[in-house]
Amino acid sequence: MKVLVLNCGSSSIKYQLFKMPGRALLAKGMVERIGSKRATMVHQNRGKKHEHDLVARDHEEAITAILDTLMNGEGGADDLPGPIGAVGHRVVHGGEAFTGSVRIDDAVLASIDKMAQLAPLHNPPNLTGIRAAMHALPEAPQVACFDTAFHTSIPQVAYTYALPYDLYEKHGIRRYGFHGTSHRYVARRAAAILGRGKYEINCITCHLGNGSSITAVREGRSIDTSMGLTPLEGVPMGTRCGDIDPAILFFLNDCGYDIATLNTLCNKQSGVLGISGRSNDMRTLLEEASRGHQRAQLAIDVFCYRVKKYIGAYQAALGQVDAVVFTGGIGENAVAVREKICDGLAPLGIHLDRPRNDQVIGKEGRIDTGDGGVAILVIPTDEEGAIAEDTYQLAIA
Ligand code: ADP
């Protein structure tokens, strides 16, 4: 069966086409600038990249163009004949309602719509993409995979904010957590690497990319995570501030910054970009720092220090830890960042092996000294593959 995975943003759609079972990637690509006069498509299959402009005034036209390319164009058709059997959608916010992936029906659509209150930037385009895909492929089962689902196992003690309790009851103000598909995938993979069952591992998974989050996993289930009501909380990110004293916002508001400005400031102008004044991109910061740019170095130092603190906190929450896992663009590739994060963690049983660390870039590998302490693993994430797997399982059920 061919399974299409869609990740719909406000003006872009990323897609991957898999052959299932087995997750063989047949083609992938992205349509950008949907709604503008000139949208663009980058399509990859059989190691070749094709780029062209197209007309995509809305998500429906973009999805039609994607399907056309996949079925009739350069991509996929002759790798595996036949129609697309199912479509899996990445949905950012599933609230408390969705503890796993689900087949989409009217009730699911209504819930995703309702959850848009909590994720106004993400759920509406996710929903638009789902509706467009349902229209274009009415025969194919459609599945929603939620970033929040893996974290619905977080206990009340960890998801409750110390605010008036009726804000939770009235408005659903609580920790939800994100990147769940990635944390779940790497936690399961870590268990497999260590020869354990998927519910036989305690680990701390560090998804470090443009957005970053850390999760504490007990017996295969999320028990705490650094992102909260929204993906703004936790460690500093490319442009997001992560944890700050909330009174900073009241102070700045008194100084004349309005709420919309503060929202942009915290989400788009902060993080390692804000500290360095240079870039949100870790590669650039590492290069700049090596040339002596002090605030690029400070941004890297703050990022690593804050990730380290979460690892310590989650070790305390878990009691016993089998593995620390690094994933995401930074976690998979940035050797120096992993080294700095693990520096000084030997008293917690976390011993990084430098030569091994230096060798594991963009691939799976074990980078601890192997002296019986906590395993340190690098595991490339595969959110789309995990969505394809869930979609296939629900489609054949
Ligand atoms: P997203 O959250 O958008 O999916 P990614 O997981 O792709 O982001 O991570 C992007 C981050 O990974 C960027 O900060 C980028 O600089 C960083 N990164 C990618 N490759 C490397 C590398 N070789 N060394 C250091 N950082 C890297």
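Placed above this text is the structure.
Small disclaimer: the values here were computed from a predicted structure and weren't measured. (Residues numbered from 1 in each chain as written. Predicted model: local features only at pLDDT ≥ 70, side-chain atom pairs only at ≥ 80, totals over all residues. Heavy atoms only, no water.)

> Provide a residue-level description of the side chain of Ser279, including the pertinent values.
Take Ser279: it is sitting in the loop between helix 9 (271-276) and helix 10 (282-290). Of the residues examined, Ser279 reaches a relative accessible area of 9% and is grouped as buried. Of the polar contacts made by the side chain of Ser279, one reaches the backbone nitrogen of Asp281; its length is 2.8 Å. Once residues lying within four places of it in the same chain are set aside, the contact partners of Ser279 are Val272, Leu273, Thr284 and Leu285. (Helix = DSSP H or I, 4+ residues; strand = E, 2+ residues; numbered from the N terminus. Buried < 20%, exposed > 50% of the residue type's maximum accessible area, 1.4 Å probe, protein only. Polar contact = N/O pair within 3.5 Å; in protein donor to acceptor, adjacent residues only side chain to side chain. Contact = heavy atoms within 4.5 Å.)

> A description of the site of the ligand should follow, citing residues and the corresponding values.
Taken together, Gly209, Asn210, Gly211, Asp281, Met282, Arg283, Leu286, Gly328, Gly329, Ile330, Asn333 and Ala334 make up the full set of residues near the ligand. Asp281 is positioned such that a nitrogen or oxygen atom in its side chain is 2.5 Å from an oxygen atom of the ligand. A distance of 3.2 Å separates an oxygen atom of the ligand from a polar backbone atom of Ile330. Considered on its own, the ligand offers 580 Å² of accessible surface; in the complex 69% of this is hidden by protein. Contributing elements (two or more residues each) for the shell around the ligand: helix 10 and helix 12 (328-333). Top contributing element to the shell around the ligand by residue count: helix 12, with four residues. Looking at the shell around the ligand residue by residue, the classes come out as four nonpolar, six polar and two charged. (Near = heavy atom within 4 Å. Areas by Shrake-Rupley, 256 points an atom, 1.4 Å probe, with all protein chains shown as cover. Nonpolar A, V, L, I, M, F, W, Y, C, P; charged D, E, K, R; others polar.)

> Could you give me a rundown of the state of the cysteines, with the residues and numbers involved?
As enumerated under the stated definition, the model contains zero disulfides in all. We note that Cys255 lacks a disulfide partner, and the nearest cysteine sulfur, in Cys266, lies 14 Å from it. A relative accessible area of 49% places Cys255 in the partly exposed class. Lacking any disulfide linkage, Cys304 is separated from the closest cysteine sulfur, that of Cys342, by 9.6 Å. (Disulfide = S-S within 2.5 Å.)

> Go over the packing of aromatic side chains with me, naming the residues and quoting the values.
Scanning the entire structure with this criterion turns up four aromatic pairs. Seen from their ring centres, Tyr159 and Tyr168 are 5.8 Å apart, and the 45 degrees between their planes marks the pair as tilted. You can call Tyr159 buried: its relative accessible area is 12%. What links up through ring pairs into an aromatic cluster is the set Tyr159, Tyr165 and Tyr168. For the cation-ring pair, Arg174 lies above Tyr159, with the distance from its terminal atom to the ring centre recorded as 3.6 Å. Over the ring of Tyr176 we find Arg174; its NZ or CZ atom is 4.9 Å from the centre of that ring. (Phe/Tyr/Trp six-rings, centres within 6.5 Å; stacked < 30°, edge-to-face > 60°. Lys NZ or Arg CZ within 6 Å of the ring centre and 35° of its normal.)

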